[in-house]
Amino acid sequence: MEGTLRVPGATLHHELRGTGPTLLLLPGAGGDAAVLDPVADALADTFTVLTHDPRGYSRSALDGPHTEQRVSVHADDARRLLEAVSPGEPAYVAGASSGAIVALDLLARHPGRVRRAVAHEPPSWSVLPDAAEQLAFFDEVHELFAREGLEAAGERFLRGIGGAMGAATWMRGPELPPRTREMLLRLAANAPLAVEYEYRSFAAYVPDLDALAGVRDRLTLAYGAGTRPHLPHRPAALMAARLGLEPAVFPGAHNGWSTHPAETADLLRTHLLGDTR
């Protein structure tokens, strides 16, 4: 089921599938609801899965021109979506990459809306001891994008994170279904917007670890087994250590939700519900 929700400054496209308690899945930068299809489909037997196109991407139009994206605004969008879908009831939340940052902010600022959250590799470089160096890397990617374009910026970004990306399941097979083809066209349009307006502001986001410490029993920080030697695993590992949590290890690398959706769904179910089936 598809719908739209008016929020301050935008109209959000969202989708629902499955039955059971509400689970909001949050995509990474430039992603949309369809990116999460394989994981969402695998979880629909357990949850009412809510996905959406974040504001300014794909089918979620802004009321005005694009401006720098803010984590707090995305988290407020997520809160409004949850209030529309499950009014008065806390929901489960899981996010990957930039979506993990949104999940952390939502849990920290609106803990009453969240039953339990999983944050997979939030790229919050601000928590790292070498934060200045890593944030400068994102400035470099942005400058390269402005000077030489998306391809050069993308290559530099992938080198900087250690090549911690795999081939998504929806890229496999001799022919792509129409929904996947349409998604890829949208993602191609989203990519320059993510580099221009999201990468740097999300990378500089400072999570409220004091607030998260108060709800640490409802939080799982995770990273991919294939990311462990590389940059994207470090913020999750460091935040878990500061909060006294054992980080969860998921299959694949930074985009493991797209490369290993069935295994990811099983682990999300386990960490959200304690389901060990």
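Anything mentioned here points back to the structure above.
Cut-offs applied
Residues numbered from 1 in each chain as written. Predicted model: local features only at pLDDT ≥ 70, side-chain atom pairs only at ≥ 80, totals over all residues. Heavy atoms only, no water. Helix = DSSP H or I, 4+ residues; strand = E, 2+ residues; numbered from the N terminus. Rg over C-alpha atoms; globule rule 2.2 N^0.38 Å. Buried < 20%, exposed > 50% of the residue type's maximum accessible area, 1.4 Å probe, protein only. Contact = heavy atoms within 4.5 Å. Areas by Shrake-Rupley, 256 points an atom, 1.4 Å probe, with all protein chains shown as cover. Lys, Arg positive; Asp, Glu negative; His and termini not counted. Charge placed at Lys NZ, Arg CZ, Asp CG, Glu CD. 1 Å grid on protein atoms, 1.4 Å probe; cavity = no way out; pocket = protein on both sides within 12 Å on 5 of 7 lines; lining within 4 Å. Points joined across faces, edges and corners; volume = space filled by probe spheres on them. Nonpolar A, V, L, I, M, F, W, Y, C, P; charged D, E, K, R; others polar. Salt bridge = Lys/Arg side-chain N within 4 Å of Asp/Glu carboxyl O. Core = buried A, V, L, I, M, F, W, Y, C linked by side-chain atoms within 4.5 Å. Expected span 1.5 Å × (residues − 1). Phe/Tyr/Trp six-rings, centres within 6.5 Å; stacked < 30°, edge-to-face > 60°. Pairing = 2+ DSSP bridges. Axes fitted to C-alpha atoms, helices over the stretch in contact; angles between N-to-C directions.

Asks: Go over the overall build of the protein chain, please, and point to the residues and values.
Replies: A count of helices and strands for the protein chain gives 11 helices and 8 strands. Taking 19 Å as the expected radius of gyration for a compact globule of 277 residues, we find that the protein chain reaches 17 Å, a close match to that expectation. Reported as C-alpha extents along the three principal axes, the dimensions of the protein chain are approximately 50 × 45 × 40 Å. Burial status across the protein chain gives 56% buried among its 277 residues. For the protein chain, the proportion of contacts with a sequence separation of at least 24, taken over those separated by at least 6, is 75%. Here the protein chain has roughly 11300 Å² of accessible surface; of this, 54% comes from carbon and sulfur atoms. On the protein chain, the mean spot of the 26 positive side-chain charges and the mean spot of the 34 negative ones are 3 Å from each other.

Asks: Run through empty space enclosed by the protein, naming residues and quoting values.
Replies: Evaluation of the coordinates by the stated rule reveals 1 cavity of 30 Å³ or more. Around the largest cavity, the lining comprises 16 residues; the ones closest to its centre are Pro 27, His 52, Pro 54, His 74 and Val 102. Among the elements of the structure, helix H2 (71-85) and helix H3 (98-109) are those that each provide at least two residues to the lining of the largest cavity. With 3 residues, H3 is the single largest residue contributor to the lining of the largest cavity. Partitioned by chemical class, the residues of the lining of the largest cavity number 8 nonpolar, 5 polar and 3 charged.

Asks: Outline the pattern of salt bridges, supporting the account with residue identities and numerical values.
Replies: Applying the stated criterion to the full structure yields 20 salt bridges. Arg 269 is the salt-bridge partner of Asp 45, the closest N and O atoms lying 3.1 Å from each other. Placement of the pair is Asp 45 in the loop between helix H1 (37-43) and strand S4 (48-52) and Arg 269 in helix H11 (residues 261-273), with a sequence separation of 224 residues. For Arg 269, a relative accessible area of 5% gives the class buried. Bridged by salt links that share partners, the residues Glu 15, Arg 17, Asp 37, Asp 41, Asp 53, Arg 59 and Arg 179 form one connected network.

Asks: So, the nonpolar core: which residues are in play, and what are the values?
Replies: Counting 54 residues, the largest nonpolar core has Val 93, Leu 212, Leu 219 and Leu 221 as the members making the most contacts within it. Sequence-distant contacts of Leu 219, defined by excluding residues within four places in its chain, comprise Leu 104, Leu 107, Arg 116, Ala 117, Leu 212, Leu 243 and Leu 245. Membership of the second largest hydrophobic core comes to 19 residues, among which are Phe 47, Ala 94, Ala 222 and Leu 272.

Asks: Give a detailed account of H3, specifying residues and quantitative values.
Replies: With 12 residues, H3 extends 17 Å between its outermost C-alpha atoms, agreeing within 8% with the 16 Å of an ideal straight helix rising 1.5 Å per residue. Inspection of H3 places Ser 98, Gly 99, Ala 100, Ile 101, Val 102, Ala 103, Leu 104, Asp 105, Leu 106, Leu 107 and Ala 108 among the buried residues, and these make up the whole buried set.

Asks: Explain the packing of aromatic side chains residue by residue, including any values.
Replies: Applying the stated criterion to the full structure yields 4 aromatic pairs. With 5.6 Å between their ring centres and 70 degrees between their planes, Phe 47 and Tyr 92 make a pair best called edge-to-face. Here the residue Phe 47 occupies a position in the loop between H1 and S4, and Tyr 92 occupies one in strand S5 (residues 91-96), the gap between them amounting to 45 residues. Residue Tyr 92 is classed as buried on the basis of its relative accessible area, which comes to 10%.

Asks: Report on the sheet that holds strand S8 (residues 248-250), specifying residues and quantitative values.
Replies: Strand order in the open sheet formed by 8 strands is S1-S2-S4-S3-S5-S6-S7-S8, and the pairing between neighbours is mixed. Every other strand in the sheet has two partners, leaving strand S1 (2-7) and S8 as the edge strands with one partner each. On average, each strand axis in the sheet is tilted by 25 degrees relative to the strand beside it, whichever way the strands run. By the bridge criterion, 6 bridges tie S1 to strand S2 (residues 10-18) in an arrangement that is antiparallel. Considered in S2, the bridge of Gly 3 is made with His 14. Along the sheet face, H2 touches S1, S2, strand S3 (22-26), S4 and S5 and points at about 125 degrees away from the line of S1. Where H3 meets the sheet, its contacts fall on S3, S5, strand S6 (114-120) and strand S7 (219-224), and the angle it forms with S5 comes to roughly 145 degrees.

Note that every value here comes from positions in space, so none of it alone points to a role or purpose.
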